[in-house]
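Coordinate analysis (summary)
Okay, here's what each chain looks like letter by letter:
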Amino acid sequence: MRKKVIAGNWKMNKVPNEAIEFISELAPLVKDTENEVVLCVPYTDLFYSLLHAQDTNIKIGAQNMHYEEKGAYTGEVSGEMLKSIGVEYVIIGHSERRAYYGETDETVNKKLKKALSLGLKPIVCVGESLNQRESGEAKEVVTTQTRLALEGLKNDEVEKTIIAYEPIWAIGTGKTATKEDANETIKWIREEIEKIYGKDVAESVIIQYGGSVKSGNAKDLFEMSDIDGGLVGGASLDAQEFAKIVNYDK
Ligand code: 13P
């Protein structure tokens with residue numbers, strides 16, 4: 001049985017005081033869940049969030065990292081730096097980073113290898129645009145992104161990688177993929193992994209859905225056979241709403 005991982009991606013939202021307040025409100029609401037609860041917060045909130053989440057079941061993640069350990073990369077933060085303060089998860093290759101900051105399949109692959117080598121738990125994002133979906137290219141796009149992200153990884157590394165299927169047209173738009181479409185696309189991703197790494201690996205990889213997940217649709221989505229939880233943007237900014245998503249099965 002694959003565990004459901006429900007991760008919030010705060011994007012560029014919340015200052016430390018707000019993060020602390022949020023965690024205080026969320027912690028009692030999710031303490032009894034068997035689902036993995038993750039908050040991917042801005043860099044400036046990481047340390048405060050880690051301290052505040054210490055005695056809870058809430059795990060803390062970053063939203064990006066560099067693939068080099070250190071050096072002349074102004075404004076960047078390395079995986080080693082994340083690891084040094086106790087960060088557990090890291091999002092890699094979010095579509096916003098691919099679109100606005102030149103993230104490519106190659107940098108995603110480098111970052112993923114680095115994250116795994118450090119014992120960080122990566123959440124790698126893949127997903128097609130509206131044009132690509134409408135022109136029937138979604139399968140090709142997501143399977144190619146998946147293959148290139150995982151290139152050169154060993155089986156046990158692939159098993160430790162979480163993939164988030166996030167159709168770009170569903171992000172921040174209020175438009176959610178139907179549960180059937182989301183499940184079918186995630187199956188394509190799983191089949192691609194099976195082709196290269198075998199059935200056991202494919203069956204154990206956690207693949208989330210992301211894109212306008214909210215408390216009103218979480219249950220429908222997360223109960224589908226291949227959807228192993230979600231990567232939640234806007235709805236993760238409100239503790240009560242995010243708790244309802246985490247507790248979708250209660
Ligand atoms: P929304 O939930 O706001 O659509 O964002 C999804 C997302 O990009 C999570 O990484």
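Here, every reference points to the structure presented above.
Thresholds, definitions, all that
- Residues numbered from 1 in each chain as written.
- Predicted model: local features only at pLDDT ≥ 70, side-chain atom pairs only at ≥ 80, totals over all residues.
- Heavy atoms only, no water.
- Helix = DSSP H or I, 4+ residues; strand = E, 2+ residues; numbered from the N terminus.
- Contact = heavy atoms within 4.5 Å.
- Pairing = 2+ DSSP bridges.
- Axes fitted to C-alpha atoms, helices over the stretch in contact; angles between N-to-C directions.
- Phe/Tyr/Trp six-rings, centres within 6.5 Å; stacked < 30°, edge-to-face > 60°.
- Buried < 20%, exposed > 50% of the residue type's maximum accessible area, 1.4 Å probe, protein only.
- Expected span 1.5 Å × (residues − 1).

1. Thoughts on the side chain of T185
On the secondary structure map, T185 appears in helix α9 (residues 179-197). Those residues in contact with T185 that sit more than four places away from it in its chain are R133, V142 and Y165.

2. A closer look at the sheet that holds strand β8 (residues 229-232)
One closed barrel accounts for 8 strands, arranged β1-β2-β3-β4-β5-β6-β7-β8; its pairing is parallel. Strand-to-strand twist of the sheet, defined as the mean angle between neighbouring strand axes without regard to direction, takes the value 25°. Judged from the 4 bridges that link them, strand β5 (residues 121-126) and strand β6 (residues 162-165) form a sheet pairing that is parallel. Looking at the pairing, V124 lines up with I163 of β6.

3. Considerations on the packing of aromatic side chains
When we look at a pair of aromatic rings, we describe it by the centre distance and by the angle of the planes. Throughout the structure, instances matching the rule amount to 4 aromatic pairs. Seen in terms of ring centroids, F222 and Y248 are 5.2 Å apart; in terms of plane orientation they differ by 90°. Their pairing is edge-to-face. Here F222, found in helix α11 (residues 215-222), pairs with Y248, found in the segment after α12 (239-246); they are 26 residues apart in sequence, far enough to count as distant. The class of Y248 is buried, set by a relative accessible area of 10%.

4. Quick word on α9
With 19 residues, α9 extends 26 Å from end C-alpha to end C-alpha; this agrees with the ideal 27 Å at 1.5 Å per step. What α9 keeps buried is the set A182, N183, T185, I186, W188, I189, R190, E192, I193 and Y197.

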